[in-house]
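Descriptive structure summary
The chain contents come next:
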Amino acid sequence: SQTIHQWPATLVQPVGSPLSLECTVEGTSNPNLYWYRQAAGRGLQLLFYSVGIGQISSEVPQNLSASRPQDRQFILSSKKLLLSDSGFYLCAWSVQGQGGNTIYFGEGSWLTVV
Amino acid sequence: RKEVEQDPGPFNVPEGATVAFNCTYSNSASQSFFWYRQDCRKEPKLLMSVYSSGNEDGRFTAQLNRASQYISLLIRDSKLSDSATYLCVVIGNTGGFKTIFGAGTRLFVKA
């Protein structure tokens, strides 16, 4: 069965510090990978998606970047965090299948920028 | 108009009640539809897919009306454990990229 792992689960970072969130998927090949952010009390915002190694698309301009160095690895980064980067970050994966691309989420990472 | 709109909520219902969530979408070319459940401070989890013919899973029934671009979720005999936020999800094409999440409707089931 497929599993998705995301870490760290919680982090508190000062403004201006770097960020690295990592996500790996097991049990599937060539998945679509996603990074979402959910601000407090808000809906999910798609930040990045990837259809393959080295292929990254950004949905919104922001202070963050993403990379996919391996087929099942997706990394979210920032060189200098802003207060507004605080939120719940979710990695997700999907594969084309019957009924469309069902999306499965990792357990999420809570980021507080102070 | 938002691409996916849900009832703003929250819904406060007693145990045993029937509750209905509604969702509308703007892209008539949308192909796939889902309901997700999100518990407080947790990741969203797939609750059920939504098919044109309607589908049922125990106490949960999902309906799709393509002509009206409308999706619904019905929960019968509400349990305390049903308390969560319910997210409507619409996928616009087969690429998997244009997956749009509604803002969610919070449900509180009380004893």
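Structure: above.
What about the pairing of strand E4 (residues 32-38) of chain A?
Residues and elements named next belong to chain A. Burial within E4 is extensive, with seven of its seven residues counted as buried. Burial along E4 is two-sided: Asn 32, Tyr 34, Tyr 36 and Gln 38 and Leu 33, Trp 35 and Arg 37, pointing in opposite directions, are all buried. Summarising the sheet, E4 and strand E5 (residues 44-52) pair through six bridges and their orientation is antiparallel. Residue pairing in the sheet places Tyr 36 in a bridge with Leu 46 of E5. If you look at the hairpin formed by E4 and E5, you'll find five residues sitting between the two strands, and Gly 41 has a positive phi there, around 70°.

Here we look at the layout of surface pockets
Estimates place the volume of the largest pocket at around 960 Å³. Looking at the largest pocket, it is lined by 38 residues, and the ones nearest its centre are Arg42(A), Gly43(A), Leu44(A), Gly102(B) and Ala103(B).

Overview of the pattern of salt bridges
Residue and element names in this part refer to chain B. Counted by the stated rule, this structure contains six salt bridges over all chains. Residue Arg 37 is joined to Asp 39 by a salt bridge in which the shortest nitrogen-to-oxygen separation is 2.8 Å. Here Asp 82 and Arg 59 are joined by a salt bridge, their closest N and O atoms 2.8 Å apart. With Asp 82 in the loop between strand E8 (70-75) and strand E9 (84-91) and Arg 59 in the loop between strand E6 (55-57) and strand E7 (60-65), this residue pair connects regions lying 23 residues apart in the sequence. By relative accessible area, which is 3% here, Asp 82 ends up buried. Judged by relative accessible area, Arg 59 falls into the partly exposed class, the value being 22%.

Criteria and cut-off values
Residues numbered from 1 in each chain as written. Chains lettered and ligands numbered in written order. Predicted model: local features only at pLDDT ≥ 70, side-chain atom pairs only at ≥ 80, totals over all residues. Heavy atoms only, no water. Buried < 20%, exposed > 50% of the residue type's maximum accessible area, 1.4 Å probe, protein only. Helix = DSSP H or I, 4+ residues; strand = E, 2+ residues; numbered from the N terminus. Pairing = 2+ DSSP bridges. 1 Å grid on protein atoms, 1.4 Å probe; cavity = no way out; pocket = protein on both sides within 12 Å on 5 of 7 lines; lining within 4 Å. Points joined across faces, edges and corners; volume = space filled by probe spheres on them. Salt bridge = Lys/Arg side-chain N within 4 Å of Asp/Glu carboxyl O.

Just distances and angles here, no functional claims.
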